[in-house]
Amino acid sequence: MLRLSYAFACLLAVDLPTASFAAAAPQSFKGEYTVSFLGLSVARATFSSRYDGDNYAINGTVSAAGLAKLFDDTKGTVSSKGTISGKQMRPQAFRADYTSGKKASVVDIRFANGAVTSTEVVPAPKKRDPKSWVPLGAGDLKSVLDPMAATVIHADSLDQVCGRTVKFYDGEMRANLTLTYASKGSISVRGYKGDTVTCRMGFEPVAGYRKGRKALNFLKDRSRMMVTFAPLGQTGVYAPIRATVGTQIGPLTISAGRFEAIN
């Protein structure tokens, strides 16, 4: 639950514009999300970001909420920073600090030239069984994004948001997310009222995972995952505003209550 809490929060960190801001004045954005499971609120997440020239910095908080807080009092902070090169995000550092009860954990990833240069996970992962573990290969950590930088799409229109594959690394697992067109619609939340596009999301673990893990197999083969994107102003950037993820015991829904520029 702890790992999924910050991973899903990062998945929907909407505040990540790209090249359109490179020549503009510094701008800031705010996103607030509620995570619901079987209709009950289980977590909340808030993200703020600032873009100044070719640089971006994002900070967020994640916490358990509602009934989930009685069973898993998870709290955490996440941050990501890097530069913007053309239409490509170039992460420099990603960090997640989170606690569950008295247990504290850290994930710290550093990048250079689009590739991972170091990863620190505390506490350190247990020794893996080579018979069941899919190890990271030499080329698996090149041209990858951290979980926050992987959340947005740069496109010329809503019609071009879907139809792509995103490569990301969360500190242990390398996976691909494929987006295929599902439908168009509209939505109204604080800070945004307008058109959206929904993509069906496929999940494909690449390396850094245990073979035969039921939860991963379900996400890969059976889960119905849908992500709805909305534009961030006239930037050419499209970010998640709502998502549903089918799990083995019921649907998880993540929805924005706020999605706006704050200056």
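The structure under discussion appears in the preceding block.
None of the values given here were measured: they were computed from a predicted structure.

Focus on the state of the cysteines
Then, in step 1: Applying the stated criterion across every chain, the model contains 1 disulfide.
Then, in step 2: One disulfide bridge connects Cys-162 with Cys-199, the sulfur atoms lying 1.9 Å from each other. As the torsion about the S-S bond is roughly -85 degrees, the Cys-162-Cys-199 disulfide counts as left-handed. Here Cys-162 is found in the loop between β9 (153-154) and β10 (164-169), whereas its partner Cys-199 is found in strand β12 (residues 192-207), with 37 residues between them in sequence. The residues Cys-162 and Cys-199 share a single accessibility class, namely buried.

Some details on the pattern of salt bridges
Then, in step 1: As enumerated under the stated definition, the model contains 9 salt bridges in all.
Then, in step 2: Salt-bridge contacts for Lys-184 lead to Asp-159; the nearest nitrogen and oxygen are separated by 2.3 Å. Of this pair, Lys-184 sits in strand β11 (residues 174-189) while Asp-159 sits in the loop between β9 and β10; the two residues are 25 residues apart in sequence, bridging distant segments of the chain.
Then, in step 3: By relative accessible area, which is 47% here, Lys-184 ends up partly exposed.
Then, in step 4: Take Asp-159: its relative accessible area is 54%, and that puts it in the exposed class.
Then, in step 5: Here the salt bridges do not stand alone but share partners, grouping Glu-32, Arg-190, Arg-258 and Glu-260 into one network.

Side note on the environment of Ser-157
Then, in step 1: Relative to the assigned elements, Ser-157 resides in the loop between β9 and β10.
Then, in step 2: Remark: the alpha-carbon pair of Ser-157 and Tyr-238, spanning 81 residues in sequence, is separated by 8.8 Å.

Side note on the pairing of β11
Side-chain positions along a regular strand alternate between the two faces of the sheet.
Then, in step 1: Sheet topology places β10 next to β11; 6 bridges connect them, and they run antiparallel. Residue pairing for β11: Lys-167 is matched across the bridge by Asn-176.
Then, in step 2: Taking the residues that link successive antiparallel strands as the turn, the β10-β11 hairpin has 4 residues, and the phi of Gly-171 there is positive, at about 105 degrees.
Then, in step 3: Here β11 runs beside β12; their pairing, made up of 15 bridges, is antiparallel. From the neighbouring strand, Gly-185 faces β12, where its bridge partner is Thr-196.
Then, in step 4: Once β11 ends, the chain turns through 2 residues before running back antiparallel as β12, passing Gly-191 with a positive phi of about 95 degrees.

Section: the pairing of strand β5 (residues 88-100)
Then, in step 1: Across 12 bridges, the pairing between strand β4 (residues 74-85) and β5 is antiparallel. Bridged to Thr-77 within β5 is Asp-97.
Then, in step 2: Relative to strand β6 (residues 103-112), β5 runs antiparallel, the two being bridged by 8 bridges. The partner of Asp-97 across the bridge, within β6, is Val-106.

Focus: the environment of Val-122
Then, in step 1: Along the chain, Val-122 turns up in strand β7 (residues 115-122).
Then, in step 2: Each C-alpha atom of the pair Val-122 and Val-107 lies 6.6 Å from the other, and the pair is 15 residues apart in sequence.
Then, in step 3: Those residues in contact with Val-122 that sit more than four places away from it in its chain are Ala-104, Ser-105 and Val-106.

Rules behind the numbers
Residues numbered from 1 in each chain as written. Predicted model: local features only at pLDDT ≥ 70, side-chain atom pairs only at ≥ 80, totals over all residues. Heavy atoms only, no water. Disulfide = S-S within 2.5 Å. Helix = DSSP H or I, 4+ residues; strand = E, 2+ residues; numbered from the N terminus. Buried < 20%, exposed > 50% of the residue type's maximum accessible area, 1.4 Å probe, protein only. Salt bridge = Lys/Arg side-chain N within 4 Å of Asp/Glu carboxyl O. Pairing = 2+ DSSP bridges. Contact = heavy atoms within 4.5 Å.

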